[in-house]
Amino acid sequence: MNRRLPIVALALHVHTVGKCAPPAFTSAGGHFNPLSKKHGLKNPEGPHAGICSDSVQRQHKRCHNRSSGGEAMEENRAVVCGQSCEINVGIVFNRGTVRGGRHRMPRRCRAVALALALQSLLLYGALPALAQSEKPVEVKRPELQIGNAVRYDEDWSTLKGVDTSKTDDFWDRVKFIPFTADQSVWLSIGGQVRERFEYFNQFNWGASAPKRSDAYLAQRIRLNTDLHVTPYFRLFFEGWSALAWDRDLQGGNSNTFVDQADLHNGFAEVMIPLRDQASVTLRGGRQELIFGAQRLVGVSDFTNARRSFDGATGIVQVGDWTITPFWADLMIVRQYRWNNSSTDQQLFGIYSTGPAHLLPMNLDLYYLGVNNQTETFNGTSGREKRHTLGLRTWGKIGQNWDFEFEGAGQFGTVGSGDIGAGMVAAILGYTLPVKDLSPRVYLEFDYGSGDKKPGGKVGTFNQLYPSAHGYLGYNDFIGWQN
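Definitions and cut-offs
- Residues numbered from 1 in each chain as written.
- Predicted model: local features only at pLDDT ≥ 70, side-chain atom pairs only at ≥ 80, totals over all residues.
- Heavy atoms only, no water.
- Helix = DSSP H or I, 4+ residues; strand = E, 2+ residues; numbered from the N terminus.
- Buried < 20%, exposed > 50% of the residue type's maximum accessible area, 1.4 Å probe, protein only.
- Contact = heavy atoms within 4.5 Å.
- Areas by Shrake-Rupley, 256 points an atom, 1.4 Å probe, with all protein chains shown as cover.
- Pairing = 2+ DSSP bridges.
- pLDDT = per-residue confidence, 0-100.
- Salt bridge = Lys/Arg side-chain N within 4 Å of Asp/Glu carboxyl O.
- Patch = residues over 30% accessible without salt bridge, like charges linked within 9 Å, V, L, I, M, F, W, Y side chains within 5 Å.

K.L.:
Would you mind showing me how to read the overall build of the protein here?
P.N.:
Looking only at helices and strands, the protein has 6 helices and 17 strands in total. Counting across all 482 residues of the protein, residues that qualify as buried make up 42%. Long-range contacts, defined as pairs at least 24 residues apart, comprise 54% of the intrachain contacts of the protein with a sequence gap of at least 6. Carbon and sulfur atoms form 57% of the exposed surface of the protein, whose accessible area is close to 26200 Å².

K.L.:
Honestly, the pairing of strand β7 (residues 233-245) in this entry has me stumped. Any pointers?
P.N.:
In summary, the side chains of a regular strand alternate between the two faces of the sheet. Sheet topology note: the strand β6 (residues 214-229)/β7 ladder contains 13 bridges and is antiparallel. Within the sheet, the bridge partner assigned to histidine 228 lies in β7 and is arginine 234. Taking the residues between adjacent antiparallel strands as the criterion, β6 and β7 are bridged by 3 residues, where threonine 230 takes a positive phi near 65°. Taken together, the 9 bridges between β7 and strand β8 (residues 259-275) define a ladder with antiparallel strand orientation. Bridge pairing links phenylalanine 236 to phenylalanine 267 in β8.

K.L.:
Where do I start with the confidence of the model for the protein in this structure?
P.N.:
Any region with low pLDDT has predicted coordinates that should not be read closely. For the protein, mean pLDDT is 80; residues scoring 70 or higher make up 73% of the total. With pLDDT under 50 throughout, residues 1-11 is counted as low confidence; its partners more than four residues away or in other chains account for 38 contacts. Contacts for the low-pLDDT stretch residues 121-131, under 50 throughout, to residues beyond four places or in other chains number 13 contacts.

K.L.:
Sorry if this is basic, but what is going on with the pattern of salt bridges here?
P.N.:
Pairs may arise between side chains of opposite charge once their charged atoms sit close together. A full pass over the atoms with the stated rule returns 21 salt bridges. For aspartate 301, the salt bridge goes to arginine 306, with nearest N and O atoms at 2.6 Å. The residues aspartate 301 and arginine 306 share a single accessibility class, namely buried. A salt bridge links glutamate 384 to arginine 386; the nearest nitrogen and oxygen atoms lie 2.5 Å apart.

K.L.:
How do you make sense of unusual backbone geometry when you look at a structure like this?
P.N.:
Note: most residues except glycine have negative phi, and most peptide bonds are trans. The omega torsion across alanine 209 and proline 210 is 5°, close enough to zero to call that bond cis. Within the element layout of this structure, proline 210 appears in the loop between β5 (185-200) and β6. The backbone of asparagine 204 sits at a positive phi, close to 55°, despite the residue not being glycine. When you line up the elements, asparagine 204 lands in the loop between β5 and β6. Its relative accessible area of 24% is what places asparagine 204 among the partly exposed residues.

K.L.:
I would appreciate a short explanation of a nonpolar patch on the surface in the present structure.
P.N.:
Among the surface-exposed residues, Val229, Phe233, Val270, Ile272, Leu274 and Leu282 lie close enough to one another that they form a single nonpolar patch of about 470 Å² accessible area. If you tally residues by element for the nonpolar patch, the top one is β8, at 3 residues. Since its relative accessible area comes to 56%, leucine 274 is described here as exposed.

Structure, rendered in structure tokens:
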């Protein structure tokens, strides 16, 4: 006759290896015991993490072997994928005879066992570092593109083929999310939260209003998604919110501090391979632009609301040289409304960069053009059609010396006045051979042309859309112009 048996004990076992091979189940390893405790719930030097009760432990071997002559344990084994841990939950019954030689677990007991298994899995998921007995998988991650950099330059395909549940960084799980078996379609998710407290005393040399001195909080939150559909197609989107509270200095909460919520980057990209070391990438949509050392075109990260454009970019890769033609309209921050780009402020050109080959240095060659509806330079106003030709070179001399040089000349018109302007920047640095610190001292020279008198020809250099704070200070009192 089929009959139910009384429950003797409820067993919960956590093992150190995520395997469970019959008949002896020794592949599961010993009980999870990170603190080296003793066997037995009531042991004065224990118990360890894998024990539930003494009655279960006395029958542990027979339970695992499922001996037909002793107590029987009906088990729900939960092997946690990617972690070296096995959780066994079961009910131990008294000895008895059941038709067919099989023991039957009451439905209510099954529910209790399942609930304990789920709770154990949740606890284990919250403490992955304690449950891992194997070394974390070592992976090569891309450098985070924060500060004066762009997040869309991070290449998380380096995690392809890696079991991200076994790495030492939890966030690897969201940096590479494959959707196909061959992992050719994948998604990466990223973001940033930046809180910055600022205090100014006698802002703008005391000419600020309504307050000359003030303290306030500037906040910026960014969230991006990067979807790759094969190596040849990509969609990148980044939304953000930039806010400032109680800024009562001159300018108040201007559009360099506040952009409540908007799409900051949003573009599609197609890569066309040409041969082994040549390709063309076409990118269209809203995007941040960075060229060279960002003296003329950059994102201006120190500003709470970064800079971006609506336009098209072509990235031509030929050997170790990259050539980038582009045409873009500046995105105008409207603070509490959706931002729009403006054809009144256009930026276009071509930027190329690569090694000089004949000399041990790198070389940038570029042309940048702007077409701005109305600009004023030292009394001369009108539509600005300005063209910039420039070069930049940088490299190392020996082990400790480094150098950089950039020069550019400008021509064109502002209204009826002709433009003739230029700039030069030169840096010579030396890194001190101090272990683990590597302090660097450098000498820098910067020059930007200006005008001797108001009106007429324009000799003032236009530094365009720079990330200048790192070179010229955070007060914005000077630039590459006079």
